[in-house]
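Geometric and topological summary
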Amino acid sequence: MLRLGIVGLPNVGKSTLFNALTSSKAAAAENYPFCTVEPNVGVVAVPDPRLDRLFGLVRPKKQVPAVVEFVDIAGLVKGASQGEGLGNQFLSHIREVDAVVHVIRCFEDPDVVHVMGPVDPVRDHDVVTSELALADLAVVERRLEKARKTARAGDKEAQAELVLLERVVEELNAGRGAREAGEGEEAVRFLRRLGLLTAKPILYAANVNEDDLARGGGKWLDPLRTAVQAHHEEAEIVLFSARFEAELAELSGEERREFLAQAGVTEPGLDRLIHAGYRLLGLQTFFTVGDNEVRAWTMHRGQSAFEAAGEIHSDFQRGFIRAETVAFEEFVRAGSYKTARELGLVRSEGRDYVVQDGDILLFRFNV
């Protein structure tokens, strides 16, 4: 399951976003800092119209979507890495997520105070980025001491680690993230094993006024984009309005569609946020179809049918024989698995088959 941690300064819209995501009031969205003392956790269905289409065709007893877990982490403040505010308690919660969603306030509202005074998205970005980097710097410096001692004894692995860690220190001191120091998958995995916050993939959620949604974000978005790209060139900024999303969460059906149309947007910002998380981590969806249920499953792009089997159950992987697969578009055109098989659209694939986004899989196994 994809696990995203929502971070940011107090009163930027994190808890309002979390409430809208989970259609709940679990996170207290009050107008004062530190209202979220413990991280709230919500499990949200991944929006995917393909699953609805399959359910309509097959008519099983139920449909089961893929899910994302969101963790609403209480607001960081300047000095958090040295214990200010609620300090390292918050930083430790971030270490447990797969990726970070940094919510940044890009709206003015006299009724919602800002903990640092006037609204300034670039300053807010720099404060949170610096606090995460400072927390990482403390971890890396402790690791460096150990690596230096072992490297001096001639340990080749420690010597390679030392080079990487020194590169990380350079990046952190420059105000950038540890992710910029990782060259190659092995280096990136090592940095993540250290629990470094800035080694985690990150995307940005710009919280704007409702009126700015259709206009592309208002006056603050370009300066924010420049600041973000200076730290992480490929990072994505998702535009949303927490207040708009909270109102939208109360609607359904035609009312929901009309509300979106009036705002001049085609889909909820929350849907865009989840899809951005999938892109960020290189994830995709495959489906299983049966009389009892149609279900969406999450896996990494480029993984094999053997690895997809393991997402369902270890027995499927252990006794893997083959995977019968049909592309989503071909299944819809056929209208059923039986017809797809009769038309020769169902292929028999081995364990090394690279699963494609939208594939419908049926596993044959023996244990």
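A brief report on the enclosed structure follows. (Residues numbered from 1 in each chain as written. Predicted model: local features only at pLDDT ≥ 70, side-chain atom pairs only at ≥ 80, totals over all residues. Heavy atoms only, no water.)

**Points about the overall build of the protein chain**
Each helix and strand in the protein chain was counted, giving 14 helices and twelve strands. Within the span of the protein chain, comprising 367 residues, buried residues form 51% of the whole. Within the protein chain, contacts between residues separated by at least 24 positions form 67% of all contacts whose residues are at least 6 apart in sequence. Counting only carbon and sulfur atoms, one obtains 47% of the accessible surface of the protein chain, whose full area is about 17700 Å². (Helix = DSSP H or I, 4+ residues; strand = E, 2+ residues; numbered from the N terminus. Buried < 20%, exposed > 50% of the residue type's maximum accessible area, 1.4 Å probe, protein only. Contact = heavy atoms within 4.5 Å. Areas by Shrake-Rupley, 256 points an atom, 1.4 Å probe, with all protein chains shown as cover.)

**With respect to the sheet that holds strand E2 (residues 40-45)**
Reading across from one edge, E2-E4-E1-E5-E6-E7 is the order of the six strands in this open sheet, with mixed pairing throughout. Every other strand in the sheet has two partners, leaving E2 and strand E7 (237-240) as the edge strands with one partner each. Within the sheet, the average angular offset between the axes of one strand and its neighbour, ignoring direction, is 25°. Both strand E6 (residues 202-208) and E7 contribute to a ladder of four bridges, which runs parallel. Counted as the bridge partner of alanine 205 is valine 238 from E7. Of the strands in this sheet, strand E5 (99-106), E6 and E7 are in contact with helix H7 (residues 221-231), which crosses E7 at around 155°. Lying on the sheet, helix H10 (residues 269-281) is in contact with strand E1 (2-7), E2, strand E4 (67-72), E5, E6 and E7; it crosses E7 at an angle near 170°. (Pairing = 2+ DSSP bridges. Axes fitted to C-alpha atoms, helices over the stretch in contact; angles between N-to-C directions.)

**Quick look at the environment of alanine 242**
Tracing the sequence through the fold places alanine 242 in helix H8 (residues 242-248). On a C-alpha basis, the gap between alanine 242 and leucine 17 in space is 5.1 Å, while along the polypeptide they are 225 residues apart. If near-sequence neighbours (up to four positions away) are discounted, alanine 242 is found in contact with Gly13, Thr16, Leu17 and Asn207.

**Here's the deal with the pairing of strand E9 (residues 293-300)**
The pairing of strand E3 (residues 62-64) with E9 spans three bridges and is classified as parallel. Paired with glutamine 63 across the strands is valine 294, a residue of E9. Of the pairings in the sheet, the one linking strand E8 (residues 283-289) to E9 comprises seven bridges and is antiparallel in character. When the sheet's bridge partners are listed, leucine 283 is paired in E9 with histidine 300. Two successive antiparallel strands, E8 and E9, enclose a turn made up of three residues.

**Things to note about the pattern of salt bridges**
Throughout the structure, instances matching the rule amount to 19 salt bridges. The residue aspartate 357 makes a salt bridge to arginine 50 at a minimum N-O spacing of 3.1 Å. Taken as a pair, aspartate 357 in the loop between strand E11 (347-349) and strand E12 (360-365) and arginine 50 in helix H2 (residues 49-58) lie far apart in primary sequence, 307 residues in all. As a salt-bridge pair, glutamate 324 and arginine 341 come within 3.1 Å of each other at their nearest N and O atoms. Of the two residues, glutamate 324 is situated in strand E10 (residues 320-326) and arginine 341 in helix H14 (residues 337-342); the sequence distance between them amounts to 17 residues. Look at glutamate 324 and you get buried, because its relative accessible area is 5%. Ionic contacts of the salt-bridge type, sharing partners, join the residues Arg322, Glu324, Arg341 and Arg364 into one network. (Salt bridge = Lys/Arg side-chain N within 4 Å of Asp/Glu carboxyl O.)

**As for helix H9 (residues 253-263)**
Residues separated by three or four positions in an α-helix point in the same direction, a consequence of the helix having 3.6 residues per turn. Every buried residue of H9 is listed here: Phe259, Leu260 and Ala263. All buried residues of H9 fall inside an arc of 95° around its axis, so they share one side. Relative to its buried face, H9 has exposed residues pointing more than 90 degrees away, namely Arg257, Ala261 and Gln262. Next to the buried residues of H9 lie H8. At the C-terminal side of H9, glycine 264 shows a positive phi close to 80°. (Arc of directions from axis to C-beta.)

**Some remarks on the packing of helix H4 (residues 121-152) against H7**
Here H4 crosses H7 at 25°, and the two axes come no closer than 8 Å. By the angle between their directions, the pair H4 and H7 is classed as roughly parallel. Considering only the axes of H4 and H7, their crossing is right-handed. Here H4 contributes Pro121, Val122, His125, Asp126 and Thr129 to the contact with H7, which in turn contributes Pro223, Leu224, Ala227, Val228 and His231. Of the residues that constitute the contact of H4 with H7, the class distribution is six nonpolar, three polar and one charged. (Parallel < 35°, antiparallel > 145°, perpendicular 65-115°, else oblique. Left-handed = near helix turned anticlockwise from the far one by under 90°. Nonpolar A, V, L, I, M, F, W, Y, C, P; charged D, E, K, R; others polar.)

**Remarks on the packing of aromatic side chains**
Inspection of every chain in the model, using the stated rule, returns eight aromatic pairs. Centre to centre, the rings of phenylalanine 331 and tyrosine 337 are 6.3 Å apart; their planes meet at 55°, and the pair counts as tilted. Each member of the pair, phenylalanine 331 as well as tyrosine 337, is classed as buried. One aromatic cluster is present, formed by Phe306, Phe316, Phe320, Phe363 and Phe365 through successive ring pairs. In this structure, arginine 351 is placed above the aromatic ring of phenylalanine 306, and the distance from its NZ or CZ to the ring centre is 3.9 Å. (Phe/Tyr/Trp six-rings, centres within 6.5 Å; stacked < 30°, edge-to-face > 60°. Lys NZ or Arg CZ within 6 Å of the ring centre and 35° of its normal.)

**Section: the side chain of threonine 129**
With respect to the helices and strands, the residue threonine 129 is situated in helix H4. With a relative accessible area of 14%, threonine 129 lands in the buried category. Sequence-distant contacts of threonine 129, that is, excluding residues within four places in its chain, are made with Gly175 and His231.

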